[in-house]
Amino acid sequence: MVTLYDGGAYLINGTELVPDTADAPAAIENKTGVKIAKEEAAKGTMAYGILSSHNSAGDMENLKIKFDKLTSHDITFVGILQTARASGLEKFPVPYVLTNCHNSLCAVGGTINEDDHVFGLSCAKKYGGIYVPPHQAVIHQFAREMLAAGGAMILGSDSHTRYGALGTMAVGEGGPEIVKQLLEQTYDIPMPGVVAIHLTGKPERGVGPQDIALAIIGAVFGNGYVNNKVMEFVGDGIDSLSVDYRIGVDVMTTETTCLSSIWRTDSAVKEFYEIHGRGGDYKELNPAQVAYYDGVVEVDLSKVKPMIAMPFHPSNTYTIEELNANLGDILRDVEKKALVSLDNNKIDFCLTDKIRDGKLYVEQGVIAGCAGGGYENLCDAADILRGKTIGADEFSLSVYPASQPIFMELVKNGRIADLMATGATVRTAFCGPCFGAGDVPSNKGLSIRHSTRNFPNREGSKVTSGQIASVALMDARSIAATAANKGYLTAATDLDMEFTKPKYYFDKSIYENRVFDGTGKADPSVEIKFGPNIVDWPEMQPLTEHVLLKVVSMIHDPVTTTDELIPSGETSSYRSNPLGLAEFTLSRKDPAYVGRAKEVQKVEKARIAGGDIYAEDGQLREIYETVRKQFDLIPEETEVGSVIFAVKPGDGSAREQAASCQRVLGGMANIAREYATKRYRSNLINWGMLPFIFDGELPFDKGDYIFVKNIRTAIADKKDFIQAYVVNKGMQEMELRVGNLTDDEREIILKGCLINYNKKE
């Protein structure tokens, strides 16, 4: 089904793979008549061509990328625009789309969600942007329909910014990276590795794009095979996949922790652009005659079975056939694994109670968002359900078309009527089910979803309130099959059905009538409209010569998601208010964190004001005296801040708030074994936080103080290894690393944050 190469490989004529062995060059020359070095063949990937055309640096080892277009949604664009405004923004230099697909229900907090929307529209007018009103489209579907272009690059402030199937290299990053582009700065990264995703064969009828995606994620996530690399889809198996199908696989590449994705394009992609009235944006993309890849993921599409990703990660994959055949054993194993994520013995998490008459019963099905709400997914689901009913028991089914044009076409061709006749409810374009702001299951409920993630509590339940529900990811076709079986888990391949595959007709008038497009027409006279919840970022201080860090939280989970650092659903209404949002920091993992961080912050505020720092922390006098036995310690030169330890933080969402909330509460650093994603580490840096890495047995624990001497000089002098001391452990020495930092990143840390870095003197 999915096979990983141990090393790299050469791809010849886009189809034949030659493993990277000593005999490879001779074999390639024999087959092609071309003698080529590995370094030259590496330039033959599609990714290399696109990156080189967008690189403003003098070499391809350390890239400085300028993107063609930008996109954000309504739980990220307010903070981004506030940061950009504070940094001197005058107008958008490239097309920038502000969509409203996350806070579009306006159901919590009075006017604050709609205030964000009004703010976004006024900014689009003032700075020359594109504004997509609520319910029109989810961010990524609008980008597919209206922004993607062959050979282009798009940066989005949402982690699922992936348009590779359309020939666009897209990257999801935290808000500060969008700010840099708005200020005509660059996205700086080392040249990423490129891994071939070699597709062969044709999927079995009933196997959908989510099944292919989950099979790949299950094979590569745990071992980091594509971590921070580009996934390049090649092979003749692509020919058997519709463009909608390819998009459904592509959007889930984010869950592998890759940097981006790109696919070979063909006449089917050309037709997609033509259907959307943008035929001129199509570009044929293929690898060179000989292209070298740093690794290969071989996928035989014909062998992929309907898949299910059990709680609490998209990589926790099984075939539905396997699960149904070993139901009790697998569910008990999932329950055991879940204890690591839940970290709360008071929560009674159970899945074996879902077994009824030897079958798995689920309470809810959802097909939604950028992954599930595509036209073909919903047409196939309607075909499976036509003439059936979901029943009148606990099971419910919700369907969210990804855009109004898709919704309208499904209305016109009758598929909406088919779905509604079964008892399913159909909603407007909304991302809520993906992050806990819509269709929250009942306590202990199990939901099957064609959406992007199934992290703990991401469906909306609150462990700190004694609630627990969970999500299993599945493809729309098997969700429909389960719905047809009234909630009993069923693979779509178990049903005898025909898919009608109605042609899609795109009605662009929907967007022409409602979307504001001010690209290139900035109007400085427009007054920005603020609501009472839209608050400026608090002032951040430059880095001092030394720092004294108090460890306020220790997270020993193998991986920590951004949802665990700052929760998603219930906090979304507060993301325009840095201080209000910060109150939720680590609330799902360490509810006492905020209080402990604020206690440390009181000391720092007293230090800045010239007050009595010892009055804020009775232990501090002893800590200072211990340090002074070995070093001179001057409070004016020593910032006091909090630090958290996590084994591998930052998996999942690109939300900058996972870092900025810590910073707002006086956080100065993270210490980790490694960082799960480049985007989380970048968020730390852009908010002036030190991204420390530590190897070896931990010499510190929660409540300990760590003194880092001459950190400012170390950052300025480009030192990687930095000496630190656990003060209350007898000045026990420890060595921290900061890893590779660009010159700009070092300057951002020294100045305290990206806003300070860009602030005009």
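Residues numbered from 1 in each chain as written. Predicted model: local features only at pLDDT ≥ 70, side-chain atom pairs only at ≥ 80, totals over all residues. Heavy atoms only, no water.

(A) Representation of the sheet that holds strand β12 (residues 230-234). Across the sheet, which stays open at both edges, the five strands sit in the order β1-β15-β11-β12-β13 with mixed pairing between neighbours. With one partner strand each, in any of the chains shown, β1 (2-4) and β13 (260-263) form the two edges of the open sheet. Across the sheet, the axes of successive neighbouring strands diverge by a mean angle of 20°, strand direction being ignored. Bridge analysis of β12 against β13 gives four bridges, and the strand direction is parallel. (Pairing = 2+ DSSP bridges. Helix = DSSP H or I, 4+ residues; strand = E, 2+ residues; numbered from the N terminus. Axes fitted to C-alpha atoms, helices over the stretch in contact; angles between N-to-C directions.)

(B) Quick look at the sheet that holds strand β14 (residues 290-293). Spatially, β3-β2-β14 is the arrangement adopted by the three strands of the open sheet, whose pairing is antiparallel. Pairing within the sheet leaves two strands with one partner each, and these edge strands are β3 (16-19) and β14. Recorded for the sheet is a direction-independent mean angle of 25° between the axes of neighbouring strands. Inspection of the sheet shows strand β2 (residues 9-12) paired to β3 by four bridges, in the antiparallel sense. Opposite Leu-11, over in β3, you have Leu-17 as the bridge partner.

(C) Inspection of the packing of helix α14 (residues 375-385) against helix α15 (residues 404-412) at higher detail. It is at 10 Å that the axes of α14 and α15 come closest, and there the two elements cross at 30°. Between α14 and α15, the crossing angle belongs to the class labelled roughly parallel. α14 and α15 meet at a crossing whose hand is right-handed. On α15, the residues touching Tyr-375, Leu-378 and Cys-379 of α14 are Ile-406, Glu-409 and Leu-410. Of the residues belonging to the contact of α14 with α15, the class tally is five nonpolar, no polar and one charged. (Parallel < 35°, antiparallel > 145°, perpendicular 65-115°, else oblique. Left-handed = near helix turned anticlockwise from the far one by under 90°. Contact = heavy atoms within 4.5 Å. Nonpolar A, V, L, I, M, F, W, Y, C, P; charged D, E, K, R; others polar.)

(D) Structural detail: helix α24 (residues 620-628). Looking only at α24, the buried set comprises Leu-620, Ile-623, Tyr-624 and Val-627. Seen from one end, α24 has its buried residues packed into an arc of 95°, which puts them on one side. Residues of α24 that are buried make contact with β26 (546-555), α22 (593-609), α23 (613-616), β28 (638-646) and β32 (705-708). (Buried < 20%, exposed > 50% of the residue type's maximum accessible area, 1.4 Å probe, protein only. Arc of directions from axis to C-beta.)

(E) Expanded view of the packing of aromatic side chains. Per the stated rule, a full pass over the model turns up 21 aromatic pairs. Note on Phe-67 and Tyr-187: the rings are 5.5 Å apart at their centroids and 65° apart in plane angle, and the pair reads as edge-to-face. Taken as a pair, Phe-67 in the loop between β4 (62-65) and β5 (69-72) and Tyr-187 in strand β10 (residues 187-190) lie far apart in primary sequence, 120 residues in all. For the pair Phe-67 and Tyr-187, one class covers both residues: buried. Pairing Phe-92 with Tyr-96 gives two aromatic rings, centres 5.1 Å apart and planes at 75°, and the pair type is edge-to-face. The exposure class of Phe-92 is buried, given its relative accessible area of 7%. Since its relative accessible area comes to 0%, Tyr-96 is described here as buried. Grouping aromatic residues by their ring pairs yields a cluster made of Phe-92, Tyr-96 and Tyr-127. (Phe/Tyr/Trp six-rings, centres within 6.5 Å; stacked < 30°, edge-to-face > 60°.)

(F) Quick peek at the pattern of salt bridges. Counted under the stated rule, the structure contains 42 salt bridges. Among the salt bridges present, the one from Asp-393 reaches Arg-356, with a minimum N-O distance of 4.0 Å. With a gap of 37 residues between them, Asp-393 in the loop between α14 and β21 (396-399) and Arg-356 in strand β18 (residues 355-356) connect regions that are remote in the sequence. A residue is classified by how much of its surface remains accessible, and Arg-356, at 28% relative accessible area, is partly exposed. (Salt bridge = Lys/Arg side-chain N within 4 Å of Asp/Glu carboxyl O.)

(G) Examining α22 more closely. The terminal C-alpha atoms of α22 lie 24 Å apart, and with 17 residues this matches the ideal 24 Å at 1.5 Å per residue to within 8%. Restricting attention to buried positions, one finds in α22 the residues Tyr-593, Val-594, Ala-597, Val-600, Gln-601, Val-603, Glu-604, Ala-606 and Arg-607. Its buried side turned inward, α22 meets β26, α21 (578-582), α23, α24, β28 and α25 (657-664). Gly-610 lies just past α22 and shows a positive phi near 75°. (Expected span 1.5 Å × (residues − 1).)

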